[in-house]
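Fold and geometry: a report
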Amino acid sequence: MDNEKRKFYVSIESGEISEYKAGNNDDFIIYGDPEEIIALRELFDDLKGAEGATGFRAMTPYKEYHNDDENDSYDYHFMKCYKMLHNLGDEATKQHIETMPFYDQFDKISDEQ
């Protein structure tokens, strides 16, 4: 398998990862090999699934946010996505993510949940 890192444009909102800049798909610029890009796509899929679960949970009015597995799962996958974007990002991407309020929590994010 070709393990050469290539440039990709990433849109968090749409979950798009593309080698071509088009529209607003350049929230972040990253460099990754095929295995890393597949792993990032899987993280985006996991985040989307976790997001759907939080929507269903939101319809349960008696369940508190701080005691909620669905929201914990979403937060975990959200952080994993941003941690990976930081690891693969160009300098501008790294600098931008380092200004985010949750950046100092990356060392608490494990590869397993």
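See above for the structure.
Residues numbered from 1 in each chain as written. Predicted model: local features only at pLDDT ≥ 70, side-chain atom pairs only at ≥ 80, totals over all residues. Heavy atoms only, no water.

1. Some points on the overall build of the protein chain
Secondary structure assignment for the protein chain yields three helices and three strands. Ordered by position in the sequence, the α and β elements of the protein chain form the string β-β-β-α-α-α. The buried share among the 113 residues of the protein chain stands at 39%. Contacts in the protein chain between residues at least 24 apart in sequence constitute 54% of all its contacts with a sequence separation of at least 6. A total accessible area of about 7300 Å² is found for the protein chain, and carbon and sulfur atoms account for 49% of it. (Helix = DSSP H or I, 4+ residues; strand = E, 2+ residues; numbered from the N terminus. Buried < 20%, exposed > 50% of the residue type's maximum accessible area, 1.4 Å probe, protein only. Contact = heavy atoms within 4.5 Å. Areas by Shrake-Rupley, 256 points an atom, 1.4 Å probe, with all protein chains shown as cover.)

2. With respect to the pattern of salt bridges
Overall, the coordinates contain three salt bridges when judged by the stated rule. A salt bridge links Glu36 to Lys5; the nearest nitrogen and oxygen atoms lie 2.7 Å apart. One end of the pair, Glu36, is in helix α1 (residues 34–58); the other, Lys5, is in the segment before β1 (6–11), with 31 residues separating them in the sequence. Here Asp26 and Lys21 are joined by a salt bridge, their closest N and O atoms 3.2 Å apart. (Salt bridge = Lys/Arg side-chain N within 4 Å of Asp/Glu carboxyl O.)

3. Observations concerning the packing of aromatic side chains
A complete count under the given rule lists seven aromatic pairs for this structure. Note on Tyr82 and Phe102: the rings are 5.2 Å apart at their centroids and 70° apart in plane angle, and the pair reads as edge-to-face. With Tyr82 in helix α2 (residues 69–88) and Phe102 in the segment after α3 (91–98), this pair connects stretches of sequence that are 20 residues apart. Here Tyr82 and Phe102 have matching classes, each one buried. With a centroid separation of 6.2 Å and an interplanar angle of 40°, the aromatic rings of Phe102 and Phe106 are classed as tilted. Across the pair, exposure class does not vary: Phe102 and Phe106 are buried alike. Clustering of aromatic rings is evident, with ring pairs tying together Phe28, Tyr74, Phe78, Tyr82, Phe102, Tyr103 and Phe106. (Phe/Tyr/Trp six-rings, centres within 6.5 Å; stacked < 30°, edge-to-face > 60°.)

4. What about the environment of Tyr82?
Looking at Tyr82, the relative accessible area reads 9%, which means it is buried. Considered as a pair, Tyr82 and Leu40 are 42 residues apart in the sequence and their alpha carbons are 9.8 Å apart. Not counting chain neighbours up to four residues away, the residues in contact with Tyr82 comprise Ile12, Phe28, Ile97, Met100, Phe102 and Phe106.

5. Remarks on the nonpolar core
The biggest cluster of nonpolar side chains holds 22 residues, and the ones touching the most others in it are Ile30, Tyr82 and Leu85. For this core, the elements supplying multiple residues, two or more each, are β1, β3 (28–32), α1 and α2. Tallying contributions element by element places α2 first for this core, with seven residues. (Core = buried A, V, L, I, M, F, W, Y, C linked by side-chain atoms within 4.5 Å.)

6. Structural notes on the pairing of β3
Burial within β3 is extensive, with four of its five residues counted as buried. The pairing of β1 with β3 spans five bridges and is classified as antiparallel. Bridge assignment links Tyr9 to a residue of β3, and that residue is Ile29. (Pairing = 2+ DSSP bridges.)

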